[in-house]
Amino acid sequence: MKIFLVSIVLVFTLHAQVDGMLGAVENTHAKSASSQKKIDSYADQSETLFDQYTKVERELEEQRLYNRQLEMIIETQKGEIPKLKQQLEKIEVTQKKIIPLMFEMVETLDKLVAIDTPFLQEERTQRVSNLKSFMANPDISLGEQFRMITQSYKIEYGYARTLEVYRSKLEDKTVDFIRVGRLGLYYQTLDLQECGIYDAKNKTWVKLESTYNEHIRKAIRMARKKIAPDFLTFPVIKDVS
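Residues numbered from 1 in each chain as written. Predicted model: local features only at pLDDT ≥ 70, side-chain atom pairs only at ≥ 80, totals over all residues. Heavy atoms only, no water.

> What is the right way to read the pattern of salt bridges from this model?
Opposite charge on two side chains makes pairing possible when the charged atoms of those side chains draw close. Inspection of every chain in the model, using the stated rule, returns 13 salt bridges. Glu156 serves as the salt-bridge partner of Arg127, at 3.9 Å between the closest nitrogen and oxygen. Taken together, the positions of Arg127 in helix 2 (residues 121–135) and Glu156 in helix 3 (residues 142–158) put the pair 29 residues apart, joining distant regions of the chain. A relative accessible area of 15% means that Arg127 is categorised as buried. Put simply, Glu164 and Arg179 hold a salt bridge, and the shortest N to O gap is 2.9 Å. (Salt bridge = Lys/Arg side-chain N within 4 Å of Asp/Glu carboxyl O. Helix = DSSP H or I, 4+ residues; strand = E, 2+ residues; numbered from the N terminus. Buried < 20%, exposed > 50% of the residue type's maximum accessible area, 1.4 Å probe, protein only.)

> Help me understand the pairing of strand 2 (residues 173–180) in this model?
Both faces of the sheet carry side chains from a regular strand, because those side chains alternate between them. Burial runs high along strand 2: six of the eight residues are buried. Sheet topology note: the strand 1 (residues 163–170)/strand 2 ladder contains eight bridges and is antiparallel. Counterpart to Leu170 in the pairing with strand 2 is Lys173. Counted between consecutive antiparallel strands, the loop separating strand 1 from strand 2 contains two residues, among which Glu171 sits at a positive phi close to 60°. For strand 2 and strand 3 (residues 184–189), the ladder comprises six bridges, and the chain directions are antiparallel. Note that in strand 3 the partner of Ile178 across the bridge is Tyr186. (Pairing = 2+ DSSP bridges.)

> I keep staring at the pairing of strand 4 (residues 195–199) and nothing clicks. Help me out?
Burial of strand 4 is extensive: five of the five residues sit out of reach of the surface. Along strand 4, one buried face is formed by Cys195, Ile197 and Asp199 and the opposite face, lined by Gly196 and Tyr198, is buried too. Inspection of the sheet shows strand 3 paired to strand 4 by three bridges, in the antiparallel sense. Residue pairing across strands places Gln188 opposite Cys195, the latter belonging to strand 4. The loop that links strand 3 with its antiparallel partner strand 4 comprises five residues; one of these, Leu192, has a positive phi angle of about 65°.

> Quick question: what am I supposed to make of the environment of Asp116 here?
Among the secondary structure elements, Asp116 is positioned in the loop between helix 1 (2–115) and helix 2. In this structure Asp116 comes out as buried when scored by relative accessible area, which is 17%. Taking the C-alpha atoms as reference points, Asp116 and Lys201, separated by 85 residues in sequence, lie 10.0 Å from one another. Leaving out residues up to four positions away in the same chain, Asp116 has contacts with Arg124 and Arg182. Among the polar contacts made by the side chain of Asp116, one reaches the side chain of Arg182 at a distance of 2.4 Å. (Contact = heavy atoms within 4.5 Å. Polar contact = N/O pair within 3.5 Å; in protein donor to acceptor, adjacent residues only side chain to side chain.)

> Looking at this structure, I do not really get helix 4 (residues 213–223). What am I missing?
Since one α-helical turn is 3.6 residues long, residues separated by three or four positions face the same way. Within helix 4, burial applies to Asn213, Ile216, Ala219, Ile220, Met222 and Ala223. Packing partners of the buried residues in helix 4 comprise strand 1, strand 2, strand 3 and strand 4. Once helix 4 finishes, Lys225 follows within two positions and takes phi at roughly 60°, a positive value.

> How should I be thinking about the sheet that holds strand 5 (residues 204–207) in this particular structure?
Two modes of strand pairing occur in sheets, parallel and antiparallel, and in both the strands are linked by backbone hydrogen bonds. Ordered in space as 1-2-3-4-5, the five strands form an open sheet in which the pairing is antiparallel. Edge strands, defined here as strands with exactly one partner in the open sheet, are strand 1 and strand 5. Within the sheet, the average angular offset between the axes of one strand and its neighbour, ignoring direction, is 30°. (Axes fitted to C-alpha atoms, helices over the stretch in contact; angles between N-to-C directions.)

Written out as structure tokens, the structure is:
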């Protein structure tokens, strides 16, 4: 009996020791798993921090390159400042000279239209009026103002080389006007029964003989491209003074 009891006690004792050892092993495994999780977490944090560091380092390098480029530009601009000052001084001198010239050109054009043969009178007068408005407008650059003036002069110059017909009023009747360069300005009534020429010296219209109606009609048709270009015969007023 005693041997049996002792054996039972030993068995229970061994069982208890085994349970304790298994518990210790499980506890160790649990601690190991927890430690591994911490290690993995630290590794992830380290990788994230490294990526952030790399990004910041790259941005810093880009900023350094940008700063160096700015320094080069600033140095170049410092060398250009004296040249720019000289150019500005020249521009100011040029403006002082060209602005009065531009006003004089507009005034001259105004006088030309007023004393010239009265063709396209309304259109040409309006062009001069527009130039005066442009010259008084501070929002229009000096270069653009000058371009408009020279363009108006080109248009006036072009009249000397063209044949042009247009319809308008002459006193109380509608007529066709035919301009032959700057050589002469003529009219013909719409019924083709009357024609005339402008006397620039006396600033009046002179009625022509009916024999000129066919010549004026031919010029009008040619100007309107109704017939092919051909030689034209026009009467002119001679200055016998």
